Amino acid sequence: MIYIMRHNRNFICLLSLLTILFFSPFAYSQATTTATPDTAKTQGSGKLFEDSTKTDSDYLMAIEKAGEVLQSAYNDAVFEGSTFHLFAEIDRTQNKLDLILANLKGANPNVRNQQMYRIVLEEIRQELDEQNTAINLRNKNLDKIKGRFADLRKDKALITLLKDTILRKQFKSEFLNLKKTYLSTDSLMNHNLEVLNTKNRLTVQRKIAVSSALLTVEKKLEKSGISILGREYPFIWNTSDTIAKKDISQNIKAKVAIENSVVSYYLNYSIGGLITLTFFMGLLAWYISRNLKYLKNNNHFENLTLLNFKYLNSGIIIPVIVIGLNIAIVSNLYAPALFIESLQLILLVVLTFLFKNHWSKESMRNLFLLVGLFSALCFLDLFIGVGLFQRCAFILINVFGIRYGLVQLKSIKDQLYIKGFFKWASIIFIGLNSLAIVFNIYGRVSLSNMLSLTAFIAITQIIALSVLLKIILEIILLQIYTTRIKRGIETIFDHESLSDNLKRPFIIIISYMWLVVIASNLNIWESLRASFTSLLTHPNTIGSITFTLGNIVLFFIIIWMAHLLQKYVAYFFGEVDDENEENVNKRQHSKLLITRLVVLIGGYLLAVAASGMPLDKLSILLGALGVGVGLGLQNIVSNFVSGIILIFDKPIQIGDVIEISSQSGRVKAMGLRTTKINAPNGAEIIIPNGNLLSQNITNWTYTDNFKLVEISFDVEGDIVPDDINLIVLEALETQTLINNSRTPQIYYTAISDGNYKLLVKFWCSIYRTEETISSARQVLFSNFKAKGLKFST
């Protein structure tokens, strides 16, 4: 009301200004005609003397300036595209609110729908607040535009021009144009002001309606909460159904229509996220199919069974659908009941198709029974009204569920990849079904229904998440194996220990997903999340430093993730710990080391930024760290810097055979602080990086992987040196382990009649030196003996 009065006062000011601009000249004309001649002369001479400094150009400029002000006011008062976009948003908000309010009247009272209504209503209220703010901002802009008219009163030339009848007649046409501009601007501003006031009233009315609807939803959620133990309905023995069969079918149709409208609204509401998820699942399917196609074309597809593959080697579409459905369930915690229960049922059906070729008949029968019980439970919850029939049917399903958990779940457990969580899932399943029976008999029907659905969803999700973990591990192993095949490495790596290392962080993730789904179905997730958010965001002060627990937790999570990434990034390039020494790609290892360094440094910098620590406090910390380095950490820092130098300078790389001091062996791993060397006798030598840079290093494989070796032997018999040379060269050419691109060297250390001492040098792989020398001696012995000569070495 105050807002409207303020705009009426502005409108009165505009009318006053219009009067000054266009009617004061006529009043002034009448006054001059009724004055005496002497007075007229006096006034005329005074006016002439007063305006002696003004010229026609000055008056034209004043009129032009007033016209520009009025025209600019008109242009600024015109609604822009953003304003019409705002009006369209207001209409869309109204449509959403109308649909929600209509559904609330006959809505299913289950927790899922009420949660969705609450989330949507809160978003609508936020939208209305933003729209109201935008409308008020445009009203303020109109006030500023009106203020420009008041500034015209300060123009002395314009006021003088308006009071002088002679000058007014002289500039008659300019005044007419000025009047037209003013009238059009005033009309536009009044119309726009009326539109904005109408929209403002609508937003206020809708905010009231939203607040009322939110109160209704909150009461229903509070009524169905676990902490409220009061009875909603009579004891089960006091309940009777008196509804006719026709009414039952009509009620089912009505509930189907309501649930369909709610799901349709939610699909329109979340269609963007679902399309994005579908797009990424399509990319994942393409990525998997590309790797599988490469293995098929190169005749390595059958080897996937040796890597303990169960799902990806049987098809791509179903595993990808399993991944997408799991993500959709977790990312739509506040979806309506029909939507989320349909996703759970579809997930169970898809899992059934996935398991049919891998599970035993008994396990499949038990899985079919689980699908049937869950389907009946969902139908009763969604489409059958609360009454004796529904309550007895729920109790019957709960009894079957308890028996199922005690007897038949064991056969399913034996088929799963992870079995540790299934024990807890079984306990939760049996416990929730037992509580559901008690609450149903007692009269807490909504709580009983909620517990029943949560029990079945909990057991369904633990099965699905176990399969999800196995599929993710198969995708990673597929990438590793395909990359190794592309590099020409066909050996099967130790996939079991690799899977054990990889599944640990994923178990944490799927455990979180499982708990979130259970808490959401129990209607406690929102309160838990709010409590944790309040705890993590509460500011704490120690001395002059203020921090939150959330920043500290985020700091350690980012560091943990950075270490995991730098540890596992090699797997995506086909690198495993048991890499054969001849298959080492030194250039790729160098890139991986640099990648690990970047991931670590970036992770620590991001963690520091996420911690919210001020730069001045960080400089103090770095100063303290510098003191610590000077006192006792210089060796650690020296090794760290030496590791960075080794990564970029590359004097040694993974796979190199080196000698340092009295130690020799092959470089197995290079870290930022130490380097690991495998000695020929199997020992693993760990050398600080600082020692590597401070000592002389013999790198046998810096340029290539070949080593010059030598064999000394004696030959006795009737033969000349030329024939001996020929026999030696022919023998060495037959050896595939010898690098024959470099001609072997033959030296005679002693020659006498029928007795020769030779030294033969040739190049071979440094990784198979002993094997090559042994093979060469055997071939030389056989060749000389075939010629009737005596060979000794």
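What comes next is a walk through the structure. (Residues numbered from 1 in each chain as written. Predicted model: local features only at pLDDT ≥ 70, side-chain atom pairs only at ≥ 80, totals over all residues. Heavy atoms only, no water.)

### A short note on helix α14 (residues 388-413)
Our working rule: A helix here means a DSSP run of H or I that spans at least four residues, while a strand means a run of E at least two residues long, and both kinds are numbered starting from the N terminus. Multiplying 1.5 Å by the residue count of a helix minus one yields the expected span of that helix. Bend angle per residue: angle between axes fitted to the 7 residues ending at that residue and the 7 residues starting there.
With 26 residues, α14 should cover 38 Å at 1.5 Å per step; its first-to-last C-alpha distance of 35 Å lies within 8% of that length. A bend of about 50° at Gly405 is the largest found in α14.

### Notes on the pairing of strand β6 (residues 684-688)
Two faces belong to every sheet, and in a regular strand the side chains alternate between them. Selection rule: Summary of the burial criterion: residues with accessible area below 20% of their type's maximum are buried, those above 50% are exposed, and those between are partly exposed, where the area comes from a 1.4 Å probe applied to protein chains only. Paired strands, in this sense, are two strands between which DSSP finds at least two bridges.
Where burial is concerned, the two faces of β6 differ: the one with Ile685 and Ile687 is buried and the one with Glu684, Ile686 and Pro688 is not. Inspection of the sheet shows strand β5 (residues 674-678) paired to β6 by 5 bridges, in the antiparallel sense. Its bridge partner lying in β6, Asn678 is registered against Glu684. Turn length for the β5-β6 hairpin, with the two strands adjacent in sequence and antiparallel, is 5 residues, and the turn residue Gly682 shows positive phi of about 95°.

### Notes on the sheet that holds β5
Note the cut-off: Think of each axis as a best-fit line through the C-alpha atoms, taken over the contacting stretch in the case of a helix, with angles from 0 to 180 degrees between the N-to-C directions.
Here we have 5 strands laid out as an open sheet, ordered β6-β5-β4-β3-β7, and antiparallel in their pairing. The two strands at the open ends of the sheet, each matched to only one other strand, are β6 and β7 (697-699). Strand-to-strand twist across the sheet, computed as the mean angle between neighbouring axes with direction ignored, equals 40°. Note: strand β4 (residues 663-670) against β5, 4 bridges, orientation antiparallel. Note that in β5 the partner of Arg666 across the bridge is Asn678.

### Some points on the side chain of Asn433
Note the following rule: Pairing of N or O atoms within 3.5 Å defines a polar contact, subject to two protein rules: one partner must be a possible hydrogen donor and the other a possible acceptor, and residues neighboring in sequence count only if both atoms are side-chain atoms. Residue contacts follow a heavy-atom distance rule, with two residues in contact if any of their heavy atoms lie within 4.5 Å.
Locating Asn433 in the fold gives a position in helix α15 (residues 420-442). A polar atom in the side chain of Asn433 sits 2.9 Å from the side chain of Asn398. Residues in contact with Asn433, not counting those within four places in the same chain, are Asn398, Gly401, Ile402, Ala455 and Phe456.

### As for the sheet that holds strand β9 (residues 745-752)
In space, the 4 strands of this open sheet follow the order β9-β10-β8-β11, with antiparallel pairing throughout. Because the sheet does not close on itself, it has two edges, and the strands there are β9 and β11 (790-792). Put simply, the sheet's adjacent strands are angled 25° from each other on average, direction ignored. The sheet contact formed by strand β8 (residues 706-716) and β11 spans 3 bridges and is antiparallel. Each residue of the ladder has a partner; that of Glu716, found in β11, is Lys790.

### What to know about the environment of Ile384
Counting through the fold element by element, Ile384 comes out in the loop between α13 (361-383) and α14. Sequence separation of Ile384 and Ser249 is 135 residues, and the distance between their C-alpha atoms is 9.4 Å. Each residue touching Ile384, except ones within four places of it in the same chain, is listed here: Ile252, Lys255, Phe379, Phe389 and Gln390.

### Some thoughts on the nonpolar core
So the rule is basically this: As used in this record, nonpolar core signifies buried Ala, Val, Leu, Ile, Met, Phe, Trp, Tyr and Cys residues forming a set joined through side-chain atoms within 4.5 Å.
Formed by 118 residues in total, the largest nonpolar core has its most connected members in Leu121, Leu304, Leu351, Phe355 and Ile463. Among the elements that line this core, the one with the most residues is helix α16 (residues 445-486), at 25 residues. Once you skip the residues sitting within four places of it in the chain, Ile463 turns out to touch Leu351, Phe355, Leu370, Ile412, Leu416 and Phe422. In terms of nonpolar packing, the next biggest core, distinct from the first, is built from 23 residues, Cys764, Ile773, Leu780 and Phe791 among them.

### Re helix α12 (residues 337-355)
Between its terminal C-alpha atoms α12 stretches 27 Å, which fits the 27 Å expected from 19 residues at 1.5 Å a residue. In terms of burial, α12 is largely enclosed, as 14 of its 19 residues are buried.

### Side note on the pattern of salt bridges
A side chain with one charge can pair with a side chain of the opposite charge if their charged atoms come near. Which entries qualify depends on this criterion: Salt bridge, as applied in this entry: a Lys or Arg side-chain nitrogen positioned within 4 Å of an Asp or Glu carboxyl oxygen.
In total, this model carries 4 salt bridges according to the counting rule given. In this structure, Lys207 and Asp129 form a salt bridge, with 3.0 Å as the shortest nitrogen-oxygen distance. Placement of the pair is Lys207 in helix α9 (residues 172-223) and Asp129 in helix α6 (residues 111-151), with a sequence separation of 78 residues. With a relative accessible area of 25%, Lys207 lands in the partly exposed category. When its relative accessible area of 33% is taken as the criterion, Asp129 is described as partly exposed. The salt bridge involving Lys676 is made with Glu684; its shortest N-O contact spans 4.0 Å.

### Considerations on the packing of helix α11 (residues 317-331) against α12
The following threshold applies: Small angles under 35 degrees read as roughly parallel and large ones over 145 as roughly antiparallel, with 65 to 115 read as roughly perpendicular and the rest as oblique. It is the rotation of the near helix from the far one that decides the hand of a crossing: anticlockwise by less than a right angle makes it left-handed, clockwise makes it right-handed.
Put simply, α11 and α12 touch, their axes get as near as 10 Å, and they point 155° apart. The angle between the axes of α11 and α12 places the two elements in the roughly antiparallel class. The chirality of how α11 crosses α12 is left-handed. Between α11 and α12, the residues in contact are Ile318, Pro319, Ile321, Val322, Leu325, Asn326, Ala328 and Ile329 and Ile340, Leu343, Gln344, Ile346, Leu347, Val350, Leu351, Phe353 and Leu354, respectively.

### Some thoughts on the environment of Asn551
Within the secondary structure, Asn551 is located in helix α19 (residues 549-568). The spacing of Asn551 and Ala609 is 58 residues in sequence and 9.4 Å in space, taken between C-alpha atoms. A distance of 3.0 Å separates the side chain of Asn551 from the side chain of Thr548, its partner in a polar contact.

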